[in-house]
Amino acid sequence: MQVATAPRVRLLDGFAVDPAAGGLPVGELPRGVQRLVAHVCLTGRPDRTAIAGELWPDVREEQAQGSLRSALWRLQKVVPGLLDVSGGIAPAAGVRVDVAELAAWARRVLDPTGFGDELAVPDAGLRGELLPGWYDDWVLMERERLRQLRMHALEAVAARLAAAGRHGEALQVAYAAVRAEPLRESAHRTVVRVHLGEGNVAEAVRAYDLYRDLVEQELGVGPTEQMTRLVRGLGRAYRVLGGPRLPRPA
């Protein structure tokens, strides 16, 4: 007989709880219950007073504690065992959280003491925005932290793929970072470096040119010295920095 796996909480591209294997589908939870589960999954094992004060800050402590008890009771009725309420409150043993999976991948990628062989990129299920449409302070802070962590990890993977000679894959990852943050210069620098690593000077300069146009139009500034240094000294192609621009692809 197959043992059922634990449920999985999804916080990227919206809130959802996937049932344990063989379990019944989980319907939409009340918003207060969603906020409780999301907060616990993002913050670890805070004590009850901290959770109640964060989720219901505009009411008296006694009322906030009552709202917390009510949310826990509702959750237990729909998804029993999702949270461990012994001591503090935390995801129960075995419960998977997509944000935690994404963060674990990024830490492996960015660990300078590792072997540098983490080249896989998470699937589409780990690429969304954290809880879009939620504007709680604790969500906004975690959303920004996660955004930065993911971008640095994508750039690191692209650099490792390029170093391994897998330039096509490196470009796909680098452009994934560019699509996620079109004005992020470090992502565009990664694209330029990959082109140069493959020996495609014209492509590198064209990528620089496209980025320069973008930031001039959107921000009214030019690329930094770090960016221009990549294409400086490329012979005639370097005229893009002070002369005629390369023609756009048809």
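Data block above holds the structure.
We now turn to the structure provided with this report. (Residues numbered from 1 in each chain as written. Predicted model: local features only at pLDDT ≥ 70, side-chain atom pairs only at ≥ 80, totals over all residues. Heavy atoms only, no water.)

## Side note on helix α7 (residues 185–197)
1) Next: Between its first and last C-alpha, α7 extends 18 Å over 13 residues, near the 18 Å set by a 1.5 Å rise per residue.
2) Next: Of all 13 residues making up α7, 10 are buried, and the element is well covered by its neighbours.
3) Next: Among the residues making up α7, those that are buried are E185, S186, A187, H188, R189, T190, V191, V192, V194 and H195.
4) Next: Where α7 is buried, its residues meet α5 (137–163), α6 (167–180), α8 (201–219) and α9 (225–231).
5) Next: Once α7 ends, the next one or two residues include G199, with phi positive near 85°. (Helix = DSSP H or I, 4+ residues; strand = E, 2+ residues; numbered from the N terminus. Expected span 1.5 Å × (residues − 1). Buried < 20%, exposed > 50% of the residue type's maximum accessible area, 1.4 Å probe, protein only. Contact = heavy atoms within 4.5 Å.)

## Section: the environment of P19
1) Next: Structurally, P19 is set in the loop between β2 (16–18) and α1 (31–43).
2) Next: With 11 residues separating them in the primary sequence, P19 and R8 have C-alpha atoms 6.7 Å apart.

## Details of the side chain of R189
1) Next: Along the polypeptide, R189 turns up in helix α7.
2) Next: When residues no more than four places from it in sequence are discounted, the contact partners of R189 are T224, Q226, M227 and L230.

## Brief notes about the packing of aromatic side chains
1) Next: Enumeration according to the criterion identifies 2 aromatic pairs in this entry.
2) Next: Ring geometry for F15 versus W134: centroids 6.5 Å apart, planes at 15°, classification stacked. A residue pair is termed long-range when its members are at least 10 positions apart, and F15 in the loop between β1 (8–10) and β2 and W134 in the loop between α4 (98–110) and α5 qualify at 119 residues.
3) Next: Here F15 falls in the buried class, since its relative accessible area comes to 18%.
4) Next: The ring of W134 has R31 lying over it, and the distance from NZ or CZ to the ring centre is 4.3 Å. (Phe/Tyr/Trp six-rings, centres within 6.5 Å; stacked < 30°, edge-to-face > 60°. Lys NZ or Arg CZ within 6 Å of the ring centre and 35° of its normal.)

## Description of the side chain of S186
1) Next: If you trace the backbone, S186 turns up in helix α7.
2) Next: Looking at S186, its side chain comes within polar contact range of the side chain of R184, at 3.1 Å. (Polar contact = N/O pair within 3.5 Å; in protein donor to acceptor, adjacent residues only side chain to side chain.)

## Considerations on the nonpolar core
1) Next: Membership of the largest hydrophobic core comes to 71 residues, with the highest contact counts inside it found for V9, L11, F15, L36 and L131.
2) Next: Contact partners of F15, with chain neighbours within four places excluded, come to V9, R10, L29, Q34, V37, A38, L131 and W134. (Core = buried A, V, L, I, M, F, W, Y, C linked by side-chain atoms within 4.5 Å.)

## Some points on the sheet that holds strand β5 (residues 96–97)
1) Next: With respect to topology, 3 strands assemble into an open sheet ordered β2-β1-β5, the strand pairing being mixed. Only two strands of the sheet have a single neighbouring strand rather than two, namely β2 and β5.
2) Next: Bridge count between β1 and β5: 2 bridges; the pairing is parallel. Note that in β5 the partner of R8 across the bridge is R96. (Pairing = 2+ DSSP bridges.)

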